[in-house]
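For reference, the chains in residue letters:
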Amino acid sequence: MTATRTKTEEAVARTEKELLDAAESVGSSRSERLSALVQQHGALAVLVIVSAEASLSFDSFATGDNLSNMATSSAFLAVVALGMTFVIITGGIDLSVGSLFALGGVLAAWGSQYGTLVALLLPIVVCGLIGVVNGLLIARSRLAPFIVTLAAMLGARGLMLSLTNEGADTYLVKKGSFLAELGQGSALGVGNPVWITLVLFVAGAVVLRRSRFGQHVYAVGGNEDAAALMGAPVARTKIIVYTLSGVLAGLAGALNAAWLASGVTILGNGMELEAISAVVIGGTLLTGGLGYVSGSLVGVLLLKVIQNVINQIGSLDSSYQQVVSGAFLAVVVIAQTWLGRRRQLL
């Protein structure tokens, strides 16, 4: 009887331990899923809350004209942020996109005199080539992305100024041309740049989530050495993402020139920081290995909504936009760091 009772007690103890371990596992799994959910969709929740509050506080916020203007003005930054998303997921950074955006606009406006095809291809090719050089120097020569893209930023800005006689010359896009219609026209009440941006983001999401190249992008950002051991083409992946970033920045500049009907030389200053902010706010880790294309789009919209709300207030000048955006970015980075450490502990 004593032996039987001992075996029964041991069996009960093992069962209780297994139940406790299972409960702890379920709790950890739930906490991990919650942390991932907050990181991926936290910006969207904030966007919905801020937009709802702004709609109730300002009569002109939710009007068709205001929403259309916000969507169109967000489109150009969103295209740049799309390329930046791929770069940051690999653990890199691209400081040249603002200058490439301005250069792309000038090249598109200058090339419009030779037709729409030239106006679109010229900025894409030139800015793409600069992206190729960035990628080669970073991937093959193993130079720091910060230094390489900073040099590219200065070089692209200098090239743009030389094309415009130190900014004194402004090239115009002919009214009524296909390029002007591409930037200023609309379909179903939505501007063409917005439609183009949505198509690019859908394509970017498919490539990042459903293609072998997308897997390589995540692998390189997660652990470059491990990715190389698994056979991932690390150098080629880096070259492609920096080329893609340059191409999209040039395309965004061309679309902006079509929208404004001119190549404005003063645009693009600080755009690289806005793009990085939008990508990070959208849930992409600055350390690489984790990121979402949809999150970057939400990050762009959130920045634009915050800017619009400050404009709606009227009593605050534009400098507060940078203060709010910077403070919000700091909060997001702190939250990301905390969530990342929490998921590692779990």
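For the structure, see preceding data.
For clarity, every value in this text was computed on a predicted model and none was experimentally measured.

**Student:** Would you mind showing me how to read the environment of V220 here?
**Tutor:** Structurally, V220 is set in helix α8 (residues 212-222). For V220 and I89, which are 131 residues apart along the polypeptide, the C-alpha to C-alpha distance reads 8.2 Å.

**Student:** Whenever I open this one, the nonpolar core confuses me. Can you help?
**Tutor:** Within soluble globular proteins, side chains that are nonpolar generally end up buried alongside one another. One finds F86 and L103 to be the most contacted residues of the largest nonpolar core, which totals 63 residues. Ranked by the residues each element gives to this core, the list is headed by helix α2 (residues 64-89), at 13 residues. In this structure F86 touches G204, V207, L208, F213, V217, V241, L244 and V293, once residues within four positions along its chain are discounted.

**Student:** Before we go on, may I ask you to explain the packing of helix α3 (residues 97-111) against helix α5 (residues 145-163) in this structure?
**Tutor:** The contact between α3 and α5 brings their axes to 8 Å, and the two run at 25°. Classified by the interaxial angle, the pair formed by α3 and α5 is roughly parallel. Note on packing geometry: the crossing formed by α3 with α5 is left-handed. On α5, the residues touching G98, S99, L100, A102, L103, V106 and L107 of α3 are M153, A156, R157, L159, M160 and L163. Here the residues of the contact of α3 with α5 sort into ten nonpolar, two polar and one charged.

**Student:** Mind showing me how you'd approach the pattern of salt bridges here?
**Tutor:** Once their charged atoms are close, side chains differing in charge can pair, the charge on each being opposite to the other. Summed over the entire model, instances satisfying the criterion amount to two salt bridges. Two residues, E224 and R142, come together in a salt bridge whose shortest N-O distance is 3.8 Å. In this pair, E224 is assigned in helix α9 (residues 224-229) and R142 in the loop between α4 (116-139) and α5, connecting sequence segments 82 residues apart. The exposure class of E224 is partly exposed, given its relative accessible area of 27%. Here R142 falls in the exposed class, since its relative accessible area comes to 67%. Residue K238 is joined to E224 by a salt bridge in which the shortest nitrogen-to-oxygen separation is 2.9 Å. Remark: E224 occurs in helix α9 and K238 occurs in helix α10 (residues 234-260); sequence separation between them is 14 residues. Bridged by salt links that share partners, the residues R142, E224 and K238 form one connected network.

**Student:** I keep staring at the environment of G185 and nothing clicks. Help me out?
**Tutor:** Here G185 is to be found in the loop between α6 (178-184) and β1 (186-187). Residue class for G185 comes out buried when judged on its relative accessible area of 8%. Setting aside chain neighbours within four positions, we find G185 in contact with A180, G191, N192 and P193.

**Student:** Which parts of the structure should I look at to understand a nonpolar patch on the surface?
**Tutor:** Nonpolar side chains collect at one region of the surface, where L117, L121, V125 and L129 lie side by side and expose about 390 Å² of accessible area between them. By secondary structure assignment, the location of L129 is in helix α4.

**Student:** Honestly, the side chain of S51 in this entry has me stumped. Any pointers?
**Tutor:** Along the chain, S51 turns up in helix α1 (residues 2-57). For S51, a relative accessible area of 19% gives the class buried. In this structure S51 touches F61 and V305, once residues within four positions along its chain are discounted.

**Student:** How should I be thinking about helix α7 (residues 192-210) in this particular structure?
**Tutor:** Because the α-helix completes a turn every 3.6 residues, residues three or four places apart line up on one side. With 19 residues, α7 ought to run about 27 Å at 1.5 Å a step, and its terminal C-alpha atoms sit 27 Å apart, in line with that. Of all the positions in α7, only N192, P193, V194, T197, F201, G204 and L208 are classed as buried. In this fold, the buried residues of α7 make contact with α2, α6, β1, β2 (190-191), α8 and α12 (293-313).

**Student:** What is the right way to look at α2 in this model?
**Tutor:** Between the first and last C-alpha of α2 there are 35 Å, a value that for 26 residues agrees with the 38 Å anticipated at 1.5 Å per step. At A75, α2 is bent by approximately 35°, the largest bend along its length. Most of α2 is tucked away: 19 of the 26 residues are buried. G91 sits one or two residues past α2 and shows a positive phi near 90°.

Analysis parameters
- Residues numbered from 1 in each chain as written.
- Predicted model: local features only at pLDDT ≥ 70, side-chain atom pairs only at ≥ 80, totals over all residues.
- Heavy atoms only, no water.
- Helix = DSSP H or I, 4+ residues; strand = E, 2+ residues; numbered from the N terminus.
- Core = buried A, V, L, I, M, F, W, Y, C linked by side-chain atoms within 4.5 Å.
- Buried < 20%, exposed > 50% of the residue type's maximum accessible area, 1.4 Å probe, protein only.
- Contact = heavy atoms within 4.5 Å.
- Axes fitted to C-alpha atoms, helices over the stretch in contact; angles between N-to-C directions.
- Parallel < 35°, antiparallel > 145°, perpendicular 65-115°, else oblique.
- Left-handed = near helix turned anticlockwise from the far one by under 90°.
- Nonpolar A, V, L, I, M, F, W, Y, C, P; charged D, E, K, R; others polar.
- Salt bridge = Lys/Arg side-chain N within 4 Å of Asp/Glu carboxyl O.
- Patch = residues over 30% accessible without salt bridge, like charges linked within 9 Å, V, L, I, M, F, W, Y side chains within 5 Å.
- Areas by Shrake-Rupley, 256 points an atom, 1.4 Å probe, with all protein chains shown as cover.
- Expected span 1.5 Å × (residues − 1).
- Bend = angle between axes of the 7 residues up to and from the residue.

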